[in-house]
Amino acid sequence: MVERRIPVATHWGSFTAVVDSGRLVRIEPRGDDPAPSPIGPGMVTAADDSARVLRPAVRRGWLNGLPRAHDTARGADAFVEVSWDDAITLVSDELRRVRSQHGDSAVFGGSYGWASAGAFHNAQGQLHRFLALGGGYTDSRNTYSTAAMEVILPHVIGGHPWSYQSRMPMWDEIAENCELVVAFGGLALKNSQINPGGLARHQTQNLQRQCREAGVRFVNVSPIRSDTAGFLDAEWLPITPNTDTAAMLGIAHTMLVNGWHDEDFLRRCCIGFDRFACYLTGELDGVPKDAAWAASITGISRDAITDLARRLATQRSLIMVNYAVQRADHGEQPIWMSVVLAAMTGSMGRPGCGWGAGYATMDATGVARGRPAVASIPGVPNPVPDFIPVARIADTLLHPGKTIDYDGQCLTLPELRLVYWCGGNPFHHHQDLHRLTRAWQTPDTVVVHEAWWNTTAKFADIVLPVATSLERDDFTAGFCDPHLVAMPKVREPEGESRTDHHIFGPWPPGSDTNASSRSRAPRSNGSGTCMSRRGPNSAMMPPCRASTTSGEAPPLSCRR
């Protein structure tokens, strides 16, 4: 037996693949990773799982021009395998038809999702380049992870929506300078297994340990005790979900009426505190936001709120807020209020103190302020200015023409006729899957690049099999991770799978998407294999139930 050992990079860390006679036999953690994720070894069985998409497949009802209802609806219909040439022709003809009849904005290419690691074979980047070269597309803006934060923070602290990542304290600064960390939403280590684009080594766990060993005390404000690691010995303040803003208001009121707030910093470095103080004391609405008021809403005792206010004002402190607290109605409020509270404490801008967000949600957060720019596939400007907030995809499909408020603008939701998705799974991300299932029946055509028969593939009209990160050459440069990791091909693509880049290459002559329309004639099954609730690979397919810091923005860790 001759084994080859090949480096593997993923969103959940870097590993070593062991290949014997061309067959992937196991995936091992790297020896220098102090906290490897257990997810990596699962790639072995997933690589050739029976759920792999092996050949291009087209939904039978779409191919034959049948209405999307009952057994021919997306998610319930059978699929027919076709050749790559036929699949490419079907997609190019449909793109041309939609652009010609409805305009370029009728093509939705937001295609939200992390896809797999790899700087060149970035699925979203490949798709956006392709669609932009063809005339443009309606894009999506923001993320499911932090949309409220991305919109509100530039208005509160300035800078780019993600510039806070490089401006807030890093873990080593916290260990050296901070005395008290109050974590709204906790610091669950399980989340730090991942990092967008990959990472060389997991460092968050060791860095948290260093903070505790340095004497930093932690307070976990979360409904779940285990949202902080046991070794942090954190004080737990169990809170009713979605009441973090009320807790912060109660703390702020206690600081204000006792004169514990940093008047000098609020006067010199902030705007609007006088009006906020009027709201806090109840002058504006007759309701003082005191500790008793907050206790009745949050479930945290009045004494605990008062004690926490005193400690925040008398110790070098850091207010942390996790992404989870803003994934709710009015999610911008706990983010904004957490910055206000940090400004009141007297620690804002001091080394290792003040305010920060997203610690432990990704491994690189709080580990490094960034990395040098790394080459990737060149982007192409999108000629279409239209966009939708990422979580408004169901609203857009169900209510085209509706106007919505977004970040000070009034947007009109476009009419989307063709949805093109690569490297993402909206049925995993979206917040109301029953509503999304209804909305997904409305566009004329859904095209998906996918490696497995997941829900998004089953709800598509045309599914193109794509190679996994083990089946191509690439390199990874993760978010704020200062390492480049090689990604040599480990195995040959399964079935007839191709990379996204290959798929977007061999479009037939005359397939310019701005050309004149050619209608799609119903097609017989021909020699294609028709499957009833089974994937083209005979896998069972059960029905689905339905940054760069801006120059004008000062670092949050540099007090002026």
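Structure first, text after, so check above.
Residues numbered from 1 in each chain as written. Predicted model: local features only at pLDDT ≥ 70, side-chain atom pairs only at ≥ 80, totals over all residues. Heavy atoms only, no water.

Some points on the overall build of the chain
We count it as follows: By the criteria applied, helices consist of DSSP H or I runs no shorter than four residues and strands consist of E runs no shorter than two, each listed in order from the N terminus. Taken over C-alpha atoms, the radius of gyration is set against a globule rule of 2.2 Å times the number of residues to the power 0.38. Partly exposed residues are those whose accessible area sits between 20% and 50% of the maximum for their type, while under 20% is buried and over 50% is exposed, using a 1.4 Å probe and protein chains only. Method for areas: the Shrake-Rupley scheme with a 1.4 Å probe, in which residue coverage is limited to the protein chains shown.
A tally of helices and strands in the chain yields 19 helices and 21 strands. Against the 2.2 N^0.38 benchmark of 24 Å for 560 residues, the chain shows a C-alpha radius of gyration of 26 Å, consistent with a compact globule. Projected onto its principal axes, the C-alpha positions of the chain cover 80 × 60 × 40 Å. Considering the chain as a whole, with its 560 residues, one finds that 55% of them fall into the buried category. For the chain, the accessible surface area stands at approximately 23,100 Å², while carbon and sulfur atoms represent 51% of it.

Some words on the side chain of Glu81
The criterion, for reference: Polar contacts here mean pairs of N or O atoms no more than 3.5 Å apart (in protein, one a potential hydrogen donor and the other a potential acceptor; neighbouring residues in sequence count only if both atoms are side-chain atoms).
Relative to the assigned elements, Glu81 resides in strand β5 (residues 79-81). A relative accessible area of 11% places Glu81 in the buried class. Side chain to side chain, Glu81 and Arg55 meet in a polar contact 3.0 Å long.

Some details on empty space enclosed by the protein
Where we set the bar: Only protein atoms enter the 1 Å grid used here, on which a cavity is any set of points holding a 1.4 Å probe that cannot leave and a pocket is any open set flanked by protein within 12 Å on both sides along at least five of seven lines; residues with an atom within 4 Å of a point are listed as lining. Grid points are joined across faces, edges and corners, and a volume is the space filled by probe spheres set on the points. Under the grouping applied here, Gly and all other residues not named as nonpolar or charged are polar, the nonpolar ones being Ala, Val, Leu, Ile, Met, Phe, Trp, Tyr, Cys and Pro and the charged ones Asp, Glu, Lys and Arg.
Put simply, the second largest cavity is a space of about 30 Å³. Every residue lining the second largest cavity is listed: Val221, Leu237, Ala247, Ile251, Ile300, Ile305 and Leu308. For the lining of the second largest cavity, the elements supplying multiple residues, two or more each, are α9 (244-257) and α13 (302-314). Of the residues assigned to the lining of the second largest cavity, the class counts are seven nonpolar, no polar and no charged.

Concerning the sheet that holds strand β10 (residues 235-237)
Hydrogen bonds along the backbone pair up the strands of a sheet, which may run parallel or antiparallel. The line we're drawing: For two strands to pair, DSSP has to find at least two bridges joining them. As a rule, the C-alpha atoms of each element are fitted with a line to give its axis, helices using only the stretch in contact, and angles between N-to-C directions run from 0 to 180 degrees.
Overall, parallel pairing links the five strands, which are arranged β10-β9-β8-β11-β12 in an open sheet. A strand with exactly one partner marks an edge of an open sheet, and here the two such strands are β10 and β12 (354-357). Direction aside, the axes of adjacent strands within the sheet are offset by 20 degrees on average. Where strand β11 (residues 317-321) meets β12, four bridges bridge the pair, whose relative direction is parallel. What sits directly across from Val321, in β12, is Ala357.

Some details on the sheet that holds strand β2 (residues 13-20)
A sheet is described by the order of its strands in space; here three strands give the open sequence β1-β2-β3, paired in antiparallel fashion. Each edge of the open sheet carries a strand with a single partner, namely β1 (3-10) and β3 (23-29). The average undirected angle you get between the axes of adjacent strands in this sheet is 30 degrees.

Quick look at the packing of α9 against α13
In plain terms, the rule: Less than a right angle of anticlockwise turn of the near helix away from the far helix marks a crossing as left-handed, whereas a clockwise turn marks it as right-handed. By definition, residues are in contact when any of their heavy atoms lie within 4.5 Å.
α13 packs onto α9 with a crossing angle of 65 degrees between their chain directions and a minimal axis gap of 9 Å. Crossing angle aside, the handedness with which α9 passes α13 is right-handed. Along the contact surface, α9 presents Gly250, Ile251, Thr254 and Met255, while α13 presents Ile305, Thr306, Leu308, Ala309, Leu312 and Ala313. When the residues that make up the contact of α9 with α13 are grouped by side-chain class, the tally is seven nonpolar, three polar and no charged.

Some points on the environment of His483
Secondary-structure assignment places His483 in the loop between β19 (474-476) and β20 (485-487). A relative accessible area of 23% places His483 in the partly exposed class. Once the C-alpha coordinates of His483 and Val91 are considered, the two residues, 392 residues apart in sequence, prove to be 38 Å apart. Among residues more than four places away in sequence, those in contact with His483 are Ala200, Arg201, Thr476 and Ala477. At 3.4 Å, the side chain of His483 and the side chain of Arg201 are in polar contact.

Description of the packing of aromatic side chains
We count it as follows: A pair of aromatic rings is counted whenever rings of Phe, Tyr or Trp (Trp by its six-membered ring) have centres within 6.5 Å, and the orientation is called stacked for planes under 30 degrees apart, edge-to-face for over 60 and tilted otherwise.
If you walk through the whole model with that rule in mind, you get 15 aromatic pairs. A centroid spacing of 5.8 Å and a plane angle of 50 degrees characterise the contact between Phe108 and Trp421, whose relative ring orientation is tilted. Taken together, the residues span a long stretch of sequence, with Phe108 in strand β6 (residues 107-108) and Trp421 in strand β16 (residues 418-422) at a distance of 313 residues. Where Tyr164 meets Trp355, the ring centres are 6.1 Å apart and the plane angle is 70 degrees; that geometry is what we call edge-to-face.

Remarks on the pattern of salt bridges
Basically, it comes down to this: The term salt bridge refers to a side-chain nitrogen of Lys or Arg lying within 4 Å of a carboxyl oxygen of Asp or Glu.
Counted according to the given criterion, the structure contains 31 salt bridges. When the shortest N-O distance is used, the salt bridge between Asp461 and Arg74 registers 2.7 Å. Of the two residues, Asp461 is situated in the loop between α18 (455-458) and β18 (462-465) and Arg74 in the loop between α2 (60-63) and β5; the sequence distance between them amounts to 387 residues. Judged on exposure class, the residue Asp461 and its partner Arg74 are both buried. Of the charged contacts, one joins Arg491 and Glu494 as a salt bridge, the two residues approaching to 2.9 Å between their closest N and O atoms. Neither Arg491 nor Glu494 differs from the other in exposure class; each is buried. Connected through shared salt-bridge partners, Arg59, Arg60, Arg74, Asp77 and Asp461 make up one network.

Quick word on the environment of Arg350
Its location among the elements puts Arg350 in the loop between α14 (332-345) and β12. For Arg350, a relative accessible area of 34% translates into the label partly exposed. Separated by 173 residues in sequence, Arg350 and Asn177 have C-alpha atoms that sit 8.5 Å apart.

Quick word on the packing of α9 against α14
The condition is simple: In these notes the angle categories are as follows: under 35 degrees is roughly parallel, over 145 is roughly antiparallel, 65 to 115 is roughly perpendicular, and the rest is oblique.
The N-to-C vectors of α9 and α14 enclose an angle of 20 degrees; their axes lie 9 Å apart at closest approach. One way to sum up the angle between α9 and α14 is to call them roughly parallel. Read as a crossing pair, α9 and α14 show a hand that is left-handed. Only Gln333, Pro334, Met337, Ser338, Leu341, Met344 and Thr345 of α14 make contact with α9, whose side of the interface consists of Asp244, Thr245, Met248, Leu249, Ile251, Ala252, Met255 and Leu256. Across the contact of α9 with α14, the residue classes tally to ten nonpolar, four polar and one charged.

Notes on unusual backbone geometry
Positive phi, normally seen in glycine, also occurs at Asn142, with a value near 75 degrees. Inspection of the secondary structure assignment puts Asn142 in the loop between β7 (139-141) and α5 (147-156). In this structure, His330 takes a positive phi of about 55 degrees despite not being glycine. Following the sequence through the fold, His330 ends up in the loop between β11 and α14. Note on His330: relative accessible area 46%, which makes it partly exposed.

Focus on the pairing of β3
As paired elements, β2 and β3 share six bridges and run antiparallel to each other. Looking at β3, one finds that Asp20 is bridged to Arg23. In this structure, the hairpin formed by β2 and β3 is closed by a connection of two residues, where Ser21 is found at a positive phi of approximately 55 degrees.

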